[in-house]
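Geometric and topological summary
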Amino acid sequence: MTFDSATARPRLVVAKDLPAATVPGHSFRFVADALDTGGAYSLTEATSPAGAGVPLHAHDSAVECFFVLEGDYRLTVSGRTHDLGAGGFSLVPRGAPHRFTVAGEHTARAVVLFAPAGFEEVFRQMPDIFGTEGEPGPLWAAANALFDTRLLDSEPLDPAVELAGPPAVTKAGPVIVGSDRAVLTPLAGPAQTRTGLSISVRTDPRAGLVWGIGPTVCAAWIVRGSYRLHTEQDTVSVHAGEFFSFDRPTSARAVAAEANSQALLLCH
């Protein structure tokens with residue numbers, strides 16, 4: 001379903017129905033890009049097998065955020081290593097050298113978010129680049145440079161790499177199933193994303209809990225469970241692995257359809 005500004009219907013995306021850009025070690029599904037968000041952010045579902053990794057690099061014009069859906073990642077940011085499991089979140093500040101590997105014996109999957117958008121285009125080009133003889137090489141370096149990304153050989157020793165904003169590891173708070181209260185966990189605000197984007201996780205411990213979309217939540221990725229999304233025109237169900245967004249304020253509301261449903265909320 002595409003967004004209709006006259007009737008304020010949401011844009012709905014089912015990640016598993018999207019074509020995947022696949023290279024050795026990684027698969028990407030592009031859920032929201034610069035055109036979808038007005039350049040504010042991009043959101044990609046990334047899947048990588050055990051042992052896969054990404055070498056050291058730094059994004060000078062965007063923060064990169066990871067929200068782990070399943071599996072285990074070992075993320076090194078500015079020389080500090082963090083282990084992230086399901087529900088873990090990390091924001092990599094602009095200019096901070098970072099790399100990751102998939103730890104453990106299982107495939108890992110994460111929501112990867114860039115703010116502002118742009119670097120998702122490099123992901124899109126990866127199959128063609130990596131399928132070219134001699135690559136990754138000059139074409140790969142040029143694609144990264146176009147989006148202000150440096151490919152690094154070693155960790156810089158300059159303390160200035162410890163930039164403002166957290167190379168933080170955050171996890172959604174404990175949930176008491178059956179509670180009458182939802183748990184809202186802020187993950188990053190405008191001071192950290194430096195774009196006006198706020199990121200949080202909402203967990204609804206029982207079915208029937210309601211939250212208003214309003215002007216405060218303009219998009220959500222459903223992490224687990226399901227919700228009924230009530231708009232001015234109709235009601236639609238959104239499930240784990242699906243994403244919805246509005247490009248202007250709305251009176252829509254979401255109702256948890258299952259206990260322990262959870263959504264990653266984005267506002268800009």
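Quantities reported herein were computed from a predicted structural model and do not represent experimental measurements.

1. Considering the packing of aromatic side chains
- Counted according to the given criterion, the structure contains 10 aromatic pairs.
- Considering the side-chain rings of Phe66 and Phe100, the 5.9 Å spacing of their centres and the 70 degrees angle between planes classify their relative orientation as edge-to-face. Of this pair, Phe66 sits in strand S6 (residues 63–70) while Phe100 is found in strand S10 (residues 98–103), placing the two residues 34 residues apart along the sequence. Accessibility assignment for this pair places Phe66 and Phe100 in one class, buried.
- Relative to Phe100, the ring of Tyr73 has its centre 5.4 Å away and its plane inclined at 70 degrees; by these criteria the two rings are edge-to-face. Of the two residues, Tyr73 sits in strand S7 (residues 72–77) while Phe100 sits in strand S10, which places them 27 residues apart along the sequence.
- Take Tyr73: its relative accessible area is 6%, and that puts it in the buried class.
- The exposure class assigned to Phe100 is buried, which follows from its relative accessible area of 13%.
- Clustering of aromatic rings is evident, with ring pairs tying together Phe28, Phe114, Phe119 and Phe123.

2. Notes on unusual backbone geometry
- Residue Pro116 is reached from Ala115 by a cis peptide bond, and omega for that bond is 0 degrees.
- With respect to the element layout, Pro116 can be found in the loop between strand S11 (108–115) and helix H2 (120–130).
- Cis geometry marks the peptide bond from Glu135 to Pro136, where omega comes out at 5 degrees.
- Tracing the chain through its elements places Pro136 in the loop between H2 and helix H3 (138–146).
- The phi angle at Asp148 is positive, at roughly 55 degrees, despite the residue not being glycine.
- Relative to the elements of secondary structure, Asp148 occurs in the loop between H3 and strand S12 (149–151).
- Its identity is not glycine, yet Asn260 carries a phi of approximately 65 degrees, on the positive side.
- Mapped onto the elements, Asn260 comes out in the loop between strand S21 (253–256) and strand S22 (261–267).

3. As for the environment of Ser154
- Summarising the element assignment, Ser154 is placed in the loop between S12 and strand S13 (169–171).
- Given a relative accessible area of 52%, Ser154 falls into the exposed group.
- C-alpha separation for the pair Ser154 and Pro97, spaced 57 residues apart in sequence, amounts to 9.0 Å.

4. Digging into the sheet that holds strand S19 (residues 235–239)
- If you walk across this open sheet you meet the 4 strands as S16-S21-S18-S19, and the pairing is antiparallel. The outermost strands of the open sheet, each flanked by one partner alone, are strand S16 (210–212) and S19. Averaged over all pairs of adjacent strands, the angle between their axes in this sheet comes to 25 degrees, without regard to strand direction.
- Where strand S18 (residues 226–230) meets S21, 4 bridges bridge the pair, whose relative direction is antiparallel. Bridged to His230 within S21 is Arg253.

5. A closer look at the confidence of the model for the chain
- Looking at the chain, pLDDT values average 87 and 88% of them are 70 or higher.
- Across residues 1–7, confidence stays below pLDDT 50; counting only partners more than four residues off in sequence or on other chains, it has 20 contacts.
- This stretch, residues 158–167, has a pLDDT under 50; its non-local contacts, to residues over four places away or in other chains, come to 20 contacts.

6. Things to note about the state of the cysteines
- Applying the stated criterion to the full structure yields 0 disulfides.
- Free cysteine Cys267: the closest other cysteine sulfur is in Cys218, separated by 4.8 Å.

7. Description of the nonpolar core
- Grouped together as the largest cluster of nonpolar side chains are 28 residues, with contacts concentrated most on Phe28, Tyr73, Leu75 and Phe123.
- Of all elements in the fold, only strand S2 (21–23), strand S3 (26–32), S6, S7, S10, S11, H2 and H3 reach the threshold of two or more residues within this core.
- Every residue in contact with Leu75, bar those within four places of it in the chain, is listed here: Phe66, Arg80, Thr81, His82, Leu84, Ser90, Val92, Arg99 and Phe100.
- Core analysis: the second largest hydrophobic core is formed by 27 residues, Val13, Ala15, Val111 and Leu197 among them.

8. Describing H3
- Of all the residues in H3, the buried ones are Trp140, Ala143 and Asn144. Looking straight down H3, one finds that the buried residues subtend no more than 95 degrees of arc, so they occupy a single side. Turned more than 90 degrees off the buried face of H3, the exposed positions are Pro138 and Leu146.
- Buried positions along H3 lie against H2 and S12.
- Trailing H3 by a residue or two, Asp148 shows a phi angle of about 55 degrees, which is positive.

What counts and what doesn't
- Residues numbered from 1 in each chain as written.
- Predicted model: local features only at pLDDT ≥ 70, side-chain atom pairs only at ≥ 80, totals over all residues.
- Heavy atoms only, no water.
- Phe/Tyr/Trp six-rings, centres within 6.5 Å; stacked < 30°, edge-to-face > 60°.
- Helix = DSSP H or I, 4+ residues; strand = E, 2+ residues; numbered from the N terminus.
- Buried < 20%, exposed > 50% of the residue type's maximum accessible area, 1.4 Å probe, protein only.
- Pairing = 2+ DSSP bridges.
- Axes fitted to C-alpha atoms, helices over the stretch in contact; angles between N-to-C directions.
- pLDDT = per-residue confidence, 0-100.
- Contact = heavy atoms within 4.5 Å.
- Disulfide = S-S within 2.5 Å.
- Core = buried A, V, L, I, M, F, W, Y, C linked by side-chain atoms within 4.5 Å.
- Arc of directions from axis to C-beta.

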